[in-house]
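One-letter residues, chain by chain:
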Amino acid sequence: MEAGGLPLELWRMILAYLHLPDLGRCSLVCRAWYELILSLDSTRWRQLCLGCTECRHPNWPNQPDVEPESWREAFKQHYLASKTWTKNALDLESSVCFSLFRRRRERRTLSVGPGHEFDSLGSALAMASLYDRIVLFPGVYEEQGEIILKVPVEIVGQGKLGEVALLASIDQHCSTTRLCNLVFMPAWFSPIMYKTTSGHVQFDNCNFENGHIQVHGPGTCQVKFCTFKNTHIFLHNVPLCVLENCEFVGSENNSVTVEGHPSADKNWAYKYLLGLIKSSPTFLPTEDSDFLMSLDLESRDQAWSPKTCDIVIEGSQSPTSPASSSPKPGSKAGSQEAEVGSDGERVAQTPDSSDGGLSPSGEDEDEDQLMYRLSYQVQGPRPVLGGSFLGPPLPGASIQLPSCLVLNSLQQELQKDKEAMALANSVQGCLIRKCLFRDGKGGVFVCSHGRAKMEGNIFRNLTYAVRCIHNSKIIMLRNDIYRCRASGIFLRLEGGGLIAGNNIYHNAEAGVDIRKKSNPLILCNQIHHGLRSGIVVLGNGKGIIRNNQIFSNKEAGIYILYHGNPVVSGNHIFKGRAAGIAVNENGKGLITENVIRENQWGGVDIRRGGIPVLRSNLICFGYSDGVVVGDEGKGLIEGNTIYANKGCGVWMMSSSLPHVTSNHVSYNGLYGVAVFSQKDGSSELPRGHRAQENFSEDGDAILWETELEKEDDPLRRPITIALVESNSINHNGASGLYVQSSEALHVITNVIHANGDRGITVAQSSQLTRVANNSISCNRQSGVKVEAQCKVELRGNGIYDNRGHGIITKGDSTIVIENDIIGNRGSGLQLLPRSDTKVIKNRIHSFRAYGIAVRGRAKALVQENIIFQGKTNKTIFQQISNNRECVMQNNKFLVFKKKSDTWRLVNPPARPHLETSLRRPSAAHNGQKVTAMATRITARVEGGYHSNRSVFCTIL
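In the nomenclature of an unreviewed UniProt entry, the protein is known as F-box only protein 10 of Rhinopithecus roxellana. Turning to the protein, the UniProt record has this under Pathway (unreviewed entry): "Protein modification; protein ubiquitination." Quoted verbatim from the Subunit (unreviewed entry) field of UniProt, the annotation for the protein is "Component of the SCF(FBXO10) complex consisting of CUL1, SKP1 and FBXO10. Interacts with BCL2. Interacts with PRDM1."

Now the structure itself:
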């Protein structure tokens, strides 16, 4: 090449005229010639590949406009595949003239057609020997009887595809056969165009119209570059069948049916097909695949910080002693009382600074007014994200999830799950890849212990794409499934397998439908823009739904009902037009470590007997509530971060019995947790809180109750009263907890901090609402407000530094016992007219107002309380009128007398006391640890009897 001095471009032009055998010989000359032959990829190799009548474009039918990575490699793969049918060829009968030498007899070519050797296919087959080639010239060949293939032959159509049509019913009895470049149509006497029961058949570049193909195990088949128009392929007990680069159009039933477990009896072609599959490019993703993500929450640390604090007050003498007189008109105290509303509730006038650092103080106060600083952090369960969503959301800013929430690629997930990796690499039964199913009824139907693997296919405009029933298993990798008139993938009657890396969208029903004990692994898919739910699990369906992107579906992203019980973990479920996850009609499920965001309805909606375990999820930026627990909803809601939803963080009916524990509920637009009375009719539910319609198959109502399993689930502790415990509820737009309930409720060991209204509002409580061992601090109005005709017990709470009163009550049965009510801007405790309250063994202190204020004809028993003096010109106790129904017994009033006075909250230490509660299983989940919390209150009193003297109050 160098001796001739010709440039490479000229050599390439010369070599472009060579045929395939000559190219092979040239590549063996030397390495330089070999590389030169390889460089003809986009020219000569492309011409050879596209000019071959036995194949089509390597990416047909799904991507005919996309060139392969290598035309030579594509041509090589097809050439090798086209020779599979001859792999079992034995030496032909040797010549009888020589006993020492054996030689092959050359394959004959038999021509069929007008003016040729044979007039019909049948007559040619009668004269054919082993591995002969039968060429059908252009025309229509109609066989009047069934053709039986007794010897291996190759039947090829001459000319362009479509010029040779064969109307026949062929039954293969030989070991192998190849058919190429033909148009098959059924004969007049049978819809079966081709059938084999034990041998291997290979179809290349054929069209099949309006008939059936049957392959029975141990028979095998290999089909490539074929078109099936209203044609059904039936595979029964096949050990292995390969369908590649085929198009299925207009089927009136299923395009492909795979029935029965793969036969243990395998024919000669099985090992060659298996080797061919393993040598071809894989559809498993590479390391750089990143269209799906994973959720890594292993670093989550939910640590409680109980209040183990002392209060130390050192100050100067004050002559003010307990009294029951009103403040003098025009005094500073009088101006403070002007801030009290008509219902007796104080409204703060200072800007918000309630992040747990310094408490607000008036910069324009006179020197004789109190100035103080409250410096402490209220800690509850730490959020799932380790602080990523602690700050307020920025208005109008795009939502940026932190890097720890980026989903893993499919390859990373498979590397973590060895069983899933083995399943993805396995091949058994039928392999369908790079095929197009369109404009028909069904795609692939797998039944009765069948096995099928589908890679890189497109299913569009079908009634359904894939159905898997009766203990069958499917493996689906990297398929596109869209515009189905029913569900995209349907599993029932213990169907299972692996559904991974698929793009499932714009389907009329669910993207994936799991029923009747089916148990698939659904991994790293994109399921979006469905006209109903993304995934629906019902009728005792199970499954593992992990690491998927489920978004923009018209109904719930995942819908669980009728005892469906999947494991849903690590998914991103967002921008749905209904709920992110809906659990209804006795649905169950373990829902853990998902990101559920920007959904129109609740992030998670639980109703009508739904009893899921909702644990360690991020539920954020929803356009309604974070978690909705509707009528008769149940379940465990534990360790979730519920953040920046426009409605409530948790909205639940009092008729439901959820266990809401260890959640971080913050920056939601309305209440942190809201409990409402049961209401009849969906029209009475607020803002989008209506149940979704019952799910049914193809529009028909289905009664599932006869098939439901009754299982004991150790994850679900039965409870008889709705329970809200051990949550951190902070920075929400309205009250931290709002109760309007007709049934009992327990609120225990929560941190309720810096909410936009009150800490707790009890607007209705005909049965007892028990509020115990909570920390209620820094809320914009009162710590706790109890409306008229409510039954409330407040026990063991720490109520600190709220901008209104500590507790304000109108309730007719309120018990306030053993609470610490410290540092609130209004009165520590205010009793309004017609209230009936027992105030026993509390420690009460208010810097700016009274310890206890009784307004009007309030009925009260005030007994054995310790009440600290606040401002020097404020009394400790105030009673507006001479009220004989207000009984005071054995209370202790502490006032400043001398500088050496020291008061401490001991015996017991400062409340709430959380150690006992933390030993319970729910609160101790994931190794919650106890840390110390320090609180410092610094106060300065100037003027009066002892100017320039200080009062220091420290809570440790």
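Here the narrative resumes, following the displayed structure.
Trainee: Would you take a moment to explain the overall build of the protein for this structure?
Mentor: When helices and strands are counted, the protein shows 11 helices and 77 strands. The burial tally for the protein puts 60% of its 956 residues in the buried class. Pairs at least 24 residues apart make up 56% of the contacts formed inside the protein by residues separated by at least 6 positions. Surface summary for the protein: the accessible area is close to 37800 Å², and the carbon and sulfur share equals 50%.

Trainee: Help me understand the environment of His261, please; the structure alone is not making it clear to me.
Mentor: Following the sequence through the fold, His261 ends up in the loop between β19 (254–259) and α7 (270–279). Ignoring sequence-local partners within four residues, the contact set of His261 consists of Asn237, Gln428, Ser448, His449, Gly450 and Arg451.

Trainee: In this structure, what is going on with the side chain of Asn525? I would like to understand it.
Mentor: Mapped onto the elements, Asn525 comes out in the loop between β32 (519–523) and β33 (526–528). Take Asn525: its relative accessible area is 0%, and that puts it in the buried class. Within polar-contact distance, the side chain of Asn525 engages the backbone oxygen of Ile499 at 2.8 Å.

Trainee: Before we go on, may I ask you to explain the packing of aromatic side chains in this structure?
Mentor: Aromatic ring pairs are described here by two measures, namely the spacing of the ring centres and the angle between the planes. Here the structure, examined in full by the defined rule, presents 17 aromatic pairs. Judged by centre distance (4.7 Å) and plane angle (10 degrees), the rings of Phe437 and Phe459 are stacked. With a gap of 22 residues between them, Phe437 in strand β23 (residues 436–447) and Phe459 in strand β25 (residues 458–469) connect regions that are remote in the sequence. Given the relative accessible area of 0%, Phe437 is considered buried. Overall, Phe459 belongs to the buried group, its relative accessible area being 0%.

Trainee: How should I be thinking about the packing of helix α2 (residues 20–27) against helix α3 (residues 31–38) in this particular structure?
Mentor: Packed helix pairs are specified by the crossing angle of their axes together with the interaxial distance, meaning the distance between the axes. Interaxial distance between α2 and α3 falls to 7 Å at its minimum, and their mutual angle equals 140 degrees. Looking at the two axes, α2 sits oblique to α3. Residue-level inspection shows Leu23, Cys26 and Ser27 of α2 in contact with α3, the latter providing Trp33, Tyr34 and Ile37. Partitioning the contact of α2 with α3 into residue classes produces five nonpolar, one polar and no charged.

Trainee: Is there a simple way to explain the pattern of salt bridges in this structure?
Mentor: Between side chains of opposite charge, a pair can form when the charged atoms approach closely. Overall, the coordinates contain 28 salt bridges when judged by the stated rule. When the shortest N-O distance is used, the salt bridge between Arg31 and Glu35 registers 3.4 Å. In this pair, Arg31 and Glu35 both sit in helix α3, four residues apart, roughly one turn of the helix. Classification of Arg31 as exposed rests on a relative accessible area of 64%. We note a salt bridge from Glu247 to Arg438, for which the minimum N-O separation is 2.8 Å. Of this pair, Glu247 sits in strand β18 (residues 247–249) while Arg438 sits in strand β23; the two residues are 191 residues apart in sequence, bridging distant segments of the chain. If you follow the salt bridges from partner to partner, you end up with Arg107, Arg133, Glu154, Arg178 and Asp204 in one network.

Trainee: Sorry if this is basic, but what is going on with the pairing of strand β8 (residues 176–180) here?
Mentor: Most of β8 is tucked away: five of the five residues are buried. Every second residue of β8 is oriented toward a common face, with Thr176, Arg178 and Cys180 on one face and Thr177 and Leu179 on the other, all of them buried. Judged from the three bridges that link them, strand β5 (residues 153–157) and β8 form a sheet pairing that is parallel. Paired with Ile155 across the two strands is Leu179, which belongs to β8. Across five bridges, the pairing between β8 and strand β11 (residues 200–204) is parallel. Across the sheet, Arg178 pairs through a bridge with Gln202, a residue of β11.

Trainee: Looking at this structure, I do not really get unusual backbone geometry. What am I missing?
Mentor: Trans is the prevailing form of peptide bonds, just as negative phi is the prevailing case for residues other than glycine. Cis rather than trans, the peptide bond between Trp60 and Pro61 has omega equal to 5 degrees. Here the amide bond leading from Gly217 into Pro218 is cis, since omega sits at 5 degrees, within 30 degrees of zero. Relative to the assigned elements, Pro218 resides in the loop between β13 (212–216) and β14 (220–224). The residue Lys434 is not glycine, and still its phi comes out positive at about 55 degrees. You can see Lys434 is positioned in the loop between β22 (429–433) and β23. The phi torsion at His563 lies on the positive side, around 65 degrees, for a residue other than glycine.

Trainee: Can you walk me through α3 in this structure?
Mentor: Those residues of α3 that fall on the buried side of the exposure criterion are Trp33, Leu36 and Ile37. Projected onto a plane normal to the axis of α3, the buried residues spread over an arc of 100 degrees and lie on a single side.

Trainee: Any chance you could explain the side chain of Asn181 here in plain terms?
Mentor: Relative to the elements of secondary structure, Asn181 occurs in the loop between β8 and β9 (183–185). Residue classification places Asn181 among the buried residues on the basis of a relative accessible area of 2%. A polar side-chain atom of Asn181 sits 2.7 Å from the main-chain carbonyl oxygen of Gly159.

Trainee: In this structure, what is going on with the confidence of the model for the protein? I would like to understand it.
Mentor: Interpretation of the predicted coordinates at a detailed level should be avoided for regions scoring low in pLDDT. For the protein, the mean per-residue pLDDT works out to 78, and 75% of the residues sit at or above 70. Across residues 286–342, confidence stays below pLDDT 50; counting only partners more than four residues off in sequence or on other chains, it has 197 contacts. Scored below 50 in pLDDT, residues 916–956 shows 122 contacts in the model against residues more than four places distant or in partner chains.

Trainee: Looking at this model, I keep getting lost on the environment of Pro186. Mind explaining?
Mentor: With respect to the secondary-structure elements, Pro186 resides in the loop between β9 and β10 (192–196). When neighbours within four sequence positions are excluded, Pro186 is seen to be in contact with Leu167, Ala168, Pro191, Met193, Glu209, Asn210 and Gly211.

Trainee: Help me understand the pairing of strand β65 (residues 813–817) in this model?
Mentor: A regular strand places its side chains so that they alternate between the two faces of the sheet. With five bridges connecting them, strand β62 (residues 791–795) and β65 associate as parallel partners. Counted as the bridge partner of Leu794 is Val816 from β65. One ladder, built from four bridges, connects β65 with strand β68 (residues 836–840); its direction is parallel. Paired with Ile817 across the strands is Ile840, a residue of β68.

Trainee: Would you mind showing me how to read a nonpolar patch on the surface here?
Mentor: Taken together, the side chains of Leu6, Leu10, Met13, Ile14 and Tyr17 make up a nonpolar region of the molecular surface, amounting to roughly 510 Å² of accessible area. The residue Met13 is located in helix α1 (residues 8–15) in this model.

Trainee: Can you walk me through the state of the cysteines in this structure?
Mentor: Linking two cysteines covalently via their sulfur atoms produces the bond known as a disulfide. Inspection of the entire model under this criterion finds zero disulfides. Cys206 supplies the cysteine sulfur nearest to Cys226, a cysteine that is in no disulfide, at a spacing of 4.7 Å.

Trainee: I would appreciate a short explanation of the packing of α1 against α3 in the present structure.
Mentor: At their nearest, the axes of α1 and α3 sit 10 Å apart, and the two run at 70 degrees to each other. Comparing the axis directions of α1 and α3 gives the class roughly perpendicular. The residues of α3 that touch α1, namely those facing Leu8, Trp11, Arg12 and Leu15, are Trp33, Leu36 and Ile37.

Trainee: How should the environment of Gly609 be read in this particular structure?
Mentor: Of note, Gly609 is situated in the loop between β43 (604–606) and β44 (613–615). By relative accessible area, Gly609 is classed as buried at 12%. Taking the C-alpha atoms as reference, Gly609 lies 5.4 Å from Glu585; in sequence the two are 24 residues apart. Those residues within four positions of Gly609 in sequence are excluded, and the remaining contacts are Asn586, Gly587, Asp631, Glu632 and Gly633.

Rules used throughout
Residues numbered from 1 in each chain as written. Predicted model: local features only at pLDDT ≥ 70, side-chain atom pairs only at ≥ 80, totals over all residues. Heavy atoms only, no water. UniProt positions renumbered as here; feature names shortened; annotations may be inferred. Helix = DSSP H or I, 4+ residues; strand = E, 2+ residues; numbered from the N terminus. Buried < 20%, exposed > 50% of the residue type's maximum accessible area, 1.4 Å probe, protein only. Contact = heavy atoms within 4.5 Å. Areas by Shrake-Rupley, 256 points an atom, 1.4 Å probe, with all protein chains shown as cover. Polar contact = N/O pair within 3.5 Å; in protein donor to acceptor, adjacent residues only side chain to side chain. Phe/Tyr/Trp six-rings, centres within 6.5 Å; stacked < 30°, edge-to-face > 60°. Axes fitted to C-alpha atoms, helices over the stretch in contact; angles between N-to-C directions. Parallel < 35°, antiparallel > 145°, perpendicular 65-115°, else oblique. Nonpolar A, V, L, I, M, F, W, Y, C, P; charged D, E, K, R; others polar. Salt bridge = Lys/Arg side-chain N within 4 Å of Asp/Glu carboxyl O. Pairing = 2+ DSSP bridges. Arc of directions from axis to C-beta. pLDDT = per-residue confidence, 0-100. Patch = residues over 30% accessible without salt bridge, like charges linked within 9 Å, V, L, I, M, F, W, Y side chains within 5 Å. Disulfide = S-S within 2.5 Å.

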